[in-house]
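Residue-level structural notes
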Amino acid sequence: MTPILLEYQADDYVSALGLHATWSLRRWLVHVALAFVAAVVLFVSFPGWPAIVAGGVLGGAVGSLVCYGLSRTFCLPWKARRMFAQQKSLHDGYELTWDEDGLSIRGRRGQGTTPWSEYLRKKENERLVLLYQSDVLFQMLPKRAFGGESSRSIRPYLDRIRS
């Protein structure tokens, strides 16, 4: 396989952290269930104050959603660009190859191969693929680096990793 050259851009890192921070349906449902349980506990604990309890729960839920949206829209992109600027290794180019054994990355600071079986899951959007080795450790693969044959040849390996 001919190596693919990866060169990360700040927008890749912004997209990666945004994709990483995206909540799954399961996570949303857990938070909704917890808010419901909290509301029931408060209603039972303060039976004479249902309007105040309902207002508090509703206000907390709305406030949480607003904070989540503001942090995703403003804080996350700013912080991601700052981290990209600080981490000089992200500015280097990397050679990427893959085969049945795993995904290999080589750069001027080092090289390594990760077996496909060690990836726990993947997340994907229109810009990139994140391959997770743990809940918070991922490798980002910008899709723009893959064209034609290379995109078709890596896809079967990526499809083996659960989403």
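All of the points below concern the structure found in this document. (Residues numbered from 1 in each chain as written. Predicted model: local features only at pLDDT ≥ 70, side-chain atom pairs only at ≥ 80, totals over all residues. Heavy atoms only, no water.)

**A short note on the packing of helix α2 (residues 25-45) against helix α3 (residues 50-86)**
Orientation of α2 relative to α3, taken along the N-to-C sense of each, is 160°, at an axis distance of 9 Å. Between α2 and α3, the crossing angle belongs to the class labelled roughly antiparallel. When the axes of α2 and α3 are compared, the crossing they make is right-handed. Residues Trp-28, Ala-35, Ala-39, Leu-42 and Phe-43 of α2 form the contact with α3, whose participating residues are Pro-50, Val-53, Ala-54, Val-57, Leu-65 and Tyr-68. Looking at the contact of α2 with α3 residue by residue, the classes come out as eleven nonpolar, no polar and no charged. (Axes fitted to C-alpha atoms, helices over the stretch in contact; angles between N-to-C directions. Helix = DSSP H or I, 4+ residues; strand = E, 2+ residues; numbered from the N terminus. Parallel < 35°, antiparallel > 145°, perpendicular 65-115°, else oblique. Left-handed = near helix turned anticlockwise from the far one by under 90°. Contact = heavy atoms within 4.5 Å. Nonpolar A, V, L, I, M, F, W, Y, C, P; charged D, E, K, R; others polar.)

**What to know about the environment of Trp-28**
Topologically, Trp-28 is positioned in helix α2. Leave out the neighbours within four places in its chain, and Trp-28 touches Trp-23, Leu-65 and Tyr-68.

**Considerations on the packing of helix α1 (residues 10-21) against α3**
The angle between the axes and the distance between the axes are what describe a pair of packed helices. Relative orientation of the contacting elements α1 and α3 amounts to 140°, with a least axis distance of 9 Å. Viewed along their axes, α1 and α3 adopt a mutual orientation that is oblique. The element α1 and its partner α3 pack so that their crossing is right-handed. Residues Ala-10, Asp-11, Tyr-13, Val-14, Leu-17, Gly-18 and Ala-21 of α1 touch α3, and the partners they reach there are Tyr-68, Arg-72, Leu-76, Pro-77, Ala-80, Arg-81, Met-83 and Phe-84.

**As for α3**
End to end, α3 covers 50 Å across 37 residues, agreeing with the expected 54 Å (1.5 Å per residue, within 8%). Maximum bend of α3: about 40°, positioned at Ser-71. Among all positions of α3, only Val-53, Leu-76, Ala-80 and Phe-84 are buried. Packed against the buried residues of α3 are α1 and α2. (Expected span 1.5 Å × (residues − 1). Bend = angle between axes of the 7 residues up to and from the residue. Buried < 20%, exposed > 50% of the residue type's maximum accessible area, 1.4 Å probe, protein only.)

**Quick look at the pairing of strand β4 (residues 110-115)**
On a regular strand, each side chain points to the face opposite its neighbour's, so the side chains alternate between the two faces of the sheet. Relative to β4, strand β3 (residues 102-107) runs antiparallel, the two being bridged by six bridges. Looking across to β4, one finds that Leu-103 is bridged to Thr-114. Turn length for the β3-β4 hairpin, with the two strands adjacent in sequence and antiparallel, is two residues. (Pairing = 2+ DSSP bridges.)

**What about the sheet that holds strand β5 (residues 121-124)?**
Across the sheet, which stays open at both edges, the three strands sit in the order β5-β6-β7 with antiparallel pairing between neighbours. Of all the strands in the sheet, the pair left with one neighbour each is β5 and β7 (138-142). Averaged over all pairs of adjacent strands, the angle between their axes in this sheet comes to 20°, without regard to strand direction. Sheet analysis places β5 next to strand β6 (residues 128-132), joined by four bridges and oriented antiparallel. Its bridge partner being in β6, Glu-124 is matched across the sheet by Val-129. In this fold α1 packs onto β5, β6 and β7, with an angle of close to 55° to the strand it touches most, β6. Contacts from helix α4 (residues 149-159) reach β5 and β6, with the element oriented near 125° to β5.

In short, the description is geometric, and any link to function would need to be established separately.
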